[in-house]
Structure formats: structure tokens, C-alpha cells
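One letter stands for each residue in the lines below.
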Amino acid sequence: MSPLELQTRNIGWYKVYPHGVEVEPGIAKLTTYASKKATDMGAIYVNKEGHRIVDESDVYAKLRNAVLKQTNKIAFLLMDKRTWQEFYHLLTLHDFTEEEIQQYFANDGPKSPIFVHGSLKDVTQKARIDAEQLQEALNNYESYAVQGKDEDFDRDPQFLHSYEGNEFYVVEQRDRFATTLGGFVTEADLKLRTKDGKEISNIWGAGEVIGGANGHDSMPSMMNTWSISSGYVAANNALLQLK
């Protein structure tokens, strides 16, 4: 598309999501499916200081913003073995291999990506999390799960579940760059424009390639509707022009 010198807007606005593990410097893989399952089962997010940082079952934008406020912009998902097994299953279904996960554990922390397991003392030492504060955060969370009321973040009671056993798993969680929020400039007919504002007669845009569809932040579920409706309009206009 570059030879056409198309007009764009908001290219410098970035779409940032949570649920990343840094597999290479500056490169993250997503763990969204696995992380969502883990928090549904009661897992909590903590920082290096050992404090819970967010309502783990809230919208992703709040989790993303919470992670950005933490030391080194990193949080940790604390799971019991029961939750880890479900987490692992979903990782291997979505872009992770058993071999690479084994290698992450072999690193034994603190090298990124941090995947560690063992007793609570073990995982805090390996991931360099404050052990005393994490124990306090976990004790508080356990009491909230029993009483059905999260006094720190008012998490939905259906996601408050006690930890089982004394074996814990910790996985790093970083925010990750997804793509630009910007794209090509169009008018209502969805025809693309050149940098000097001229309409291109036979090229239409649809979905997220159109700049400004998102605004300052992404709207993941809304983009499905936008893609379908803008695709319909673009295709209809193309058919009308052929007639």
C-alpha cells in the first residue's frame, strides 16, 4: 500500500494489553486465555513488594493500568497447583510449547520470563518478591474468600476461591504492545484517501485499518461489530460502483 501514499491518522497511538510474558527483550507472548481462567479460579495479582494490585476480575484496561504502575512495570500471577494445571493447559493450546515452558522453569527466576514453583518461600525467593508482605496479602485474601467479601478491591464473590495445598506457581505478567490505534483516513463512503486528500476511486477500508475507529483506547468487543458493519458498507459501496 505504500506506493499509494495513503493518508493516515493516530498512527502514534498504541494499543496496549495486559497478560504478556517477555520471551525475548521487548517481545511478549500473550497469556490472556490462561490468565483469565486462572483469575476465574481465584488467582491473585501481586507486585514485587508482595502486595495485591487490582481487582483481578475487573476489565482488562484496569489491569493494564495497574501493571504499568508497578516496579519495573511487572506483576505476578500467584496460583495453586490446581489452577496452574488449567493455566498450563491453555498455554499449550495457545502459542506455547511444553518444551519452552520447561525451559522457563529451568531458568528458576529471576530471568524473564519468570516461571517458578514450590513453597511460598521458594517462589518469593526465586521471583524476588517480598515474602512477608506476600504472606500477609495471601492471608488477607484467604479471609476474604471465606467470608465472601473482598475488603481490598471488592472483587466479585464468585471469583473468590481459597488456595489449595502448599505448592505455588508464579508467572510474570507484563503489559504488551499489540498494534497501533491509528490507520487510514476515510470519509463516510469508506474510500481511502491519499496524503493530499484525493479520493481513491476503487479502494475501500474496513475494520481497524481505519484510523480513529478506536479513539484513545481500544474497544476489543466493540471492534467485532465495527468490522462487520464497516465491511458491509465498504462491500456495498464497491458493488454499487460496479453497477
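Residues numbered from 1 in each chain as written. Predicted model: local features only at pLDDT ≥ 70, side-chain atom pairs only at ≥ 80, totals over all residues. Heavy atoms only, no water.

The name given to the protein chain in an unreviewed UniProt entry is Flavoprotein, with the source organism recorded as Tetragenococcus halophilus.

Q: Could you give an account of the pattern of salt bridges, with specific residues and numbers?
A: In the structure shown here, the tally under the stated rule is 17 salt bridges. Ionic pairing is found between Glu-22 and Arg-174, a salt bridge with its closest N-O pair at 3.8 Å. Here Glu-22, found in strand 2 (residues 14–24), pairs with Arg-174, found in strand 7 (residues 168–180); they are 152 residues apart in sequence, far enough to count as distant. For Arg-174, a relative accessible area of 18% corresponds to the buried category. Sharing partners across several salt bridges, the network here consists of Arg-52, Glu-56, Asp-150 and Arg-155. (Salt bridge = Lys/Arg side-chain N within 4 Å of Asp/Glu carboxyl O. Helix = DSSP H or I, 4+ residues; strand = E, 2+ residues; numbered from the N terminus. Buried < 20%, exposed > 50% of the residue type's maximum accessible area, 1.4 Å probe, protein only.)

Q: Outline the environment of Lys-29, supporting the account with residue identities and numerical values.
A: Tracing the backbone through its elements, the reader meets Lys-29 in strand 3 (residues 27–30). You can call Lys-29 buried: its relative accessible area is 18%. Sequence separation of Lys-29 and Val-46 is 17 residues, and the distance between their C-alpha atoms is 20 Å. Only 2.9 Å separates the side chain of Lys-29 from the side chain of Glu-100, close enough to count as a polar contact. (Polar contact = N/O pair within 3.5 Å; in protein donor to acceptor, adjacent residues only side chain to side chain.)

Q: Report on the nonpolar core, specifying residues and quantitative values.
A: Core analysis: the biggest nonpolar cluster contains 43 residues, and Leu-78, Met-79, Trp-84, Phe-87 and Phe-115 have the highest contact counts within it. Top element by residues in this core is strand 5 (residues 74–80). It accounts for six residues. Residues Leu-190, Trp-204, Ile-210 and Ala-234 belong to the second largest nonpolar core, which totals five residues. (Core = buried A, V, L, I, M, F, W, Y, C linked by side-chain atoms within 4.5 Å.)

Q: Lay out the packing of helix 1 (residues 32–40) against helix 3 (residues 81–93) in plain terms, naming residues and giving numbers.
A: In contact at an axis separation of 8 Å, helix 1 and helix 3 are set at 160° when each is read in the N-to-C sense. Judged on the interaxial angle alone, helix 3 and helix 1 are roughly antiparallel. In terms of crossing hand, the pair formed by helix 1 and helix 3 is right-handed. Taken together, the residues of helix 3 that come into contact with helix 1 (itself represented by Tyr-33, Ala-34, Ser-35, Lys-37 and Ala-38) are Thr-83, Glu-86, Phe-87, Leu-90 and Leu-91. Its residues placed into classes, the contact of helix 1 with helix 3 shows six nonpolar, two polar and two charged. (Axes fitted to C-alpha atoms, helices over the stretch in contact; angles between N-to-C directions. Parallel < 35°, antiparallel > 145°, perpendicular 65-115°, else oblique. Left-handed = near helix turned anticlockwise from the far one by under 90°. Contact = heavy atoms within 4.5 Å. Nonpolar A, V, L, I, M, F, W, Y, C, P; charged D, E, K, R; others polar.)

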